[in-house]
Amino acid sequence: MTMITIVEAVNRALAYELEADPSVVLLGEDIGVNGGVFRATDGLQAQFGKTRVIDTPLAEIAISGVSVGLATQGLKPVSEIQFMGFIYATMEQLISHAARMRNRTRGRLTCPMVVRAPYGAGIHAPEHHSESTEALFVHIPGLKVVIPSTPRRTYGLLLAAIRDPDPVIFLEPERIYRLIKQDVEEDGVALPLEKCFIEREGSDLTLISWGASMHEARQAVASLEAKGVGVDLIDVATLSPLDSETILASVEKTGRCLIVHEAPKTGGMGAEIAARICEKALLSLKAPVKRVTGYDIIVPLYKLEKHYLPSVKVILQAAQEILEFA
Amino acid sequence: MQPIAHFEIYSHQFLNSAGDLTLPLPPPFHSPRDLLKPYQHMLRIRAFDSKAVALQRTGQIGTFPSSEGEEASMAGIAFAMQAEDVFLPSYREHGVLFARGVSMEEVLLYWGGDERGSNYANARQDFPIAVPIATQVLHAVGVATAFKLKGEKKVAVTTCGDGGSSRADFNEGLNFAGVWQIPLVVVVVNNQWAISVPRSSQSKAATFAQKAIAAGMEGIQVDGNDLIAMTHVCRQAVDKARTGAGPTLIEAVTYRMAPHTTADDASRYRGQEEVNSAKALDPILRLKTFLMREKVWSLDEEEAFKQKLQEEVNEAAKAYQAMSPQPIESIFDYLYAKLPRALEEQKAQAVERSEL
Ligand SMILES: Cc1ncc(C[n+]2csc(CCOP(=O)(O)OP(=O)(O)O)c2C)c(N)n1
Ligand SMILES: [Mg+2]
């Protein structure tokens, strides 16, 4: 076992699966010699060759559309979009083809493919490098959307995503790429998709988050626990399809729920989770469900970026309001 | 069976890498003296780039893309345009923007993470820089089409990289431009690299200029390190567009001497020998050699001018650093013409939370 970061866990999972499954191919911009701008694919081209780890011309429509073609031929393309801000050109291929191929052909042709992209704010990046638009993909039937928040989950979930028979959007929280280290056993064992992770258990509050916001959520939970408040901390991890059971069971136990996400509030994944709680666990609630999220604005350039991101203080304030609600 | 289509691509050079003028000085230049202004502008761009890189190194601006090595391409584009034309830059063309009246302070603001950097005090119609690669080419098609529809004698000029030429936006843009015969000049700044991907992995075509042919427009290759050729060819294309004779694609062959941005480590994918041999083709060096040989420029003048430039970039940096930050409300204020009622609560919350 070695202590590795989230971005290293991406690398290790890719390496494992390239080795284990000859049908896996990586494609993207600058992923070969350069090892990706975040080094997620560092060393993989040297190890597996230029036919398995492919530097493409600069063209996201092509990367996604070519992946559809590759996938129908029994290959497993894992593409990298350099930043989520450049994923939008892939939408036509993802929505109109990758997500629908199985359904259109009644299972004759399928798209076992993964599209990876780093995402989120907080690294002082240039314009278009900070958005969190995961909800766009959650809205598309036929796609799975996965966002890890620890090195171990990154390793296990990426393996699961590659092995999944359907297209998976795998979003990597760039702000915490190198913030957390964990011992990760490189055993090739996948973690289940479609399962939320209960990271801490407690009976007073359910705190739900994913991605980089888990970092603030964890700090908030630590400070609540220090005050004797027990929290179920849930890392959603797979946003679509959503594991409602885990969330509902927790809310039925605690009766209080706070959802934290970095994406804008309106139409965000928090809204979906809150709606499911209202549909299935309304009568267990002792306080209204609250959301702490990004505002419904364009992520500011970096000088004012911090005013956009949900902070630990704001999370704690919201938690307090929920706990004090009578 | 018979051949039904032919094409030839011409490559233009007037000043070779040794600084020899191999053809008569072309318009818009009449005498070597006319080259001083663009030459000084090239020096200005280089001085700015090294200042900006230093500011990034000390954490005073964010990631920054240096344009070192591409000064002749930028000055050539800038000096071919008229003030009323519209320029639509990619992220590496601040050197063109400066000549169009955009200030160094504004460019620093932008890369320093402040939206005010795109609210140019001059060049009010020029576009903010485009980060999503090649997207600006389509905007330029729209701008040029608007000129045509409104009967205005203006030209839209846009740039994108060798990498950018692989995107749909670029190719669709050329196609529209060809069909509609609009007043547009697209310059592919072929600096040999798209981050770590070399030119040879971007296209198997012998030139980027020939991408114009399939779109039914003229394509020209230019030595992008030759200010004289760059200005001449760009001016011809701009003039042609202005008279309604259609769009042109220009491939400026140059070299990205610096890493892709300050966040890039170019040693991972290219050797120092390559960079060194590119330095022998330096656009500033060859023009300087020529100007000195023509006795219109001296080492003393160069020294004095560089001194002045140093002051200019230092002043710009100081002015940038002295800017008071935008109020927090500003993150809501420019989203729509009028703040929707639905956002008022969030705006108040943002201000309140900043005081937590
Ligand atoms: C649509 C899109 N995809 C990817 C990126 C990330 N990216 C930024 S610059 C760059 C390379 C661009 O190369 P080129 O077009 O040759 O321009 P240069 O940087 O050399 O000036 C890439 C891949 C981006 N900004 N936009
Ligand atoms: Mg380039």
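These numbers come from a predicted model, not from an experiment. (Residues numbered from 1 in each chain as written. Chains lettered and ligands numbered in written order. Predicted model: local features only at pLDDT ≥ 70, side-chain atom pairs only at ≥ 80, totals over all residues. Heavy atoms only, no water.)

## Description of the interface of chain A and chain B
Residue-level contacts link 35 residues of chain A with 43 residues of chain B. When the two sides are added together, the surface that chain A and chain B hide from each other amounts to roughly 3,300 Å², 59% of it contributed by carbon and sulfur. Scanning the region where chain A abuts chain B turns up two salt bridges. Between Arg268 of chain B and Asp42 of chain A there is a salt bridge whose closest N-O contact spans 2.7 Å. (Contact = heavy atoms within 4.5 Å. Buried area = accessible area lost by both parts, 1.4 Å probe. Salt bridge = Lys/Arg side-chain N within 4 Å of Asp/Glu carboxyl O.)

## A look at the packing of aromatic side chains
All names here are of chain B. A complete count under the given rule lists twelve aromatic pairs over all chains for this structure. Aromatic pair Trp297 and Phe305: ring centres 6.1 Å apart, planes at 75°, arrangement edge-to-face. Residue Phe305 is classed as buried on the basis of its relative accessible area, which comes to 8%. Put simply, the rings of Phe48, Phe64, Phe98, Tyr110 and Trp111 pair up and form one aromatic cluster. (Phe/Tyr/Trp six-rings, centres within 6.5 Å; stacked < 30°, edge-to-face > 60°. Buried < 20%, exposed > 50% of the residue type's maximum accessible area, 1.4 Å probe, protein only.)

## With respect to the domain arrangement of chain A
Residues and elements named next belong to chain A. You can read the domains of chain A as domain 1 (2-184) and domain 2 (197-323). Once you take the C-alpha centre of each, domain 1 and domain 2 turn out to be 26 Å apart. Each side of the interface is counted separately: domain 1 has 29 residues, and domain 2 has 28 residues. Here domain 1 meets domain 2 over a buried area of about 2,200 Å², counting both sides, of which 58% is carbon and sulfur. Together, His124, Arg153 and Arg175 form the three largest contributors to the area buried by domain 1 at its contact with domain 2, with a combined 24%. In this structure, the connection of domain 1 to domain 2 is made through four salt bridges. Run the count over domain 1 and domain 2 and you get 14 residue pairs in polar contact (both at pLDDT 80 or more). Of all the secondary structure elements, the ones that give two or more residues to the side of domain 1 that touches domain 2 are α6 (134-138), β6 (144-146) and α7 (151-163). For the side of domain 1 that touches domain 2, the residue count by class is 16 nonpolar, seven polar and six charged. (Domains from an automatic or database assignment. Polar contact = N/O pair within 3.5 Å; in protein donor to acceptor, adjacent residues only side chain to side chain. Helix = DSSP H or I, 4+ residues; strand = E, 2+ residues; numbered from the N terminus. Nonpolar A, V, L, I, M, F, W, Y, C, P; charged D, E, K, R; others polar.)

## Brief notes about the coordination of the magnesium ion (ligand 2)
Residues and elements named next belong to chain B. On the protein side, the magnesium ion (ligand 2) has Asp162 (OD), Asn191 (OD1) and Trp193 (O) as donor atoms, found 2.1 Å from it. Sequence spacing among the residues donating to the magnesium ion (ligand 2) works out to D-x28-N-x1-W. Exposure remark for Trp193: the relative accessible area of 9% places this residue in the buried category. (Donors = N, O, S within 2.8 Å, 3.2 Å for Na, K, Ca; no water.)

## As for unusual backbone geometry
Most peptide bonds adopt trans geometry, and most residues besides glycine take a negative phi value. For the bond from Ser240 of chain A to Pro241 of chain A, the omega torsion is -5°, close enough to zero to count as cis. Looking at the element boundaries, Pro241 of chain A is found in the loop between β12 (238-240) and α9 (244-254). Cis geometry marks the peptide bond from Pro27 of chain B to Pro28 of chain B, where omega comes out at 10°. Along the chain, Pro28 of chain B falls in the loop between β1 (11-12) and α1 (36-57). Within the chain, Ala134 of chain B stands out as a residue other than glycine whose phi angle is a positive 70°. On the secondary structure map, Ala134 of chain B appears in the loop between α4 (104-111) and α5 (135-150). The phi dihedral of Ile195 of chain B falls on the positive side, at around 50°, and the residue is not glycine. Along the chain, Ile195 of chain B turns up in the loop between β5 (193-194) and β6 (197-198). Look at Ile195 of chain B and you get buried, because its relative accessible area is 11%.

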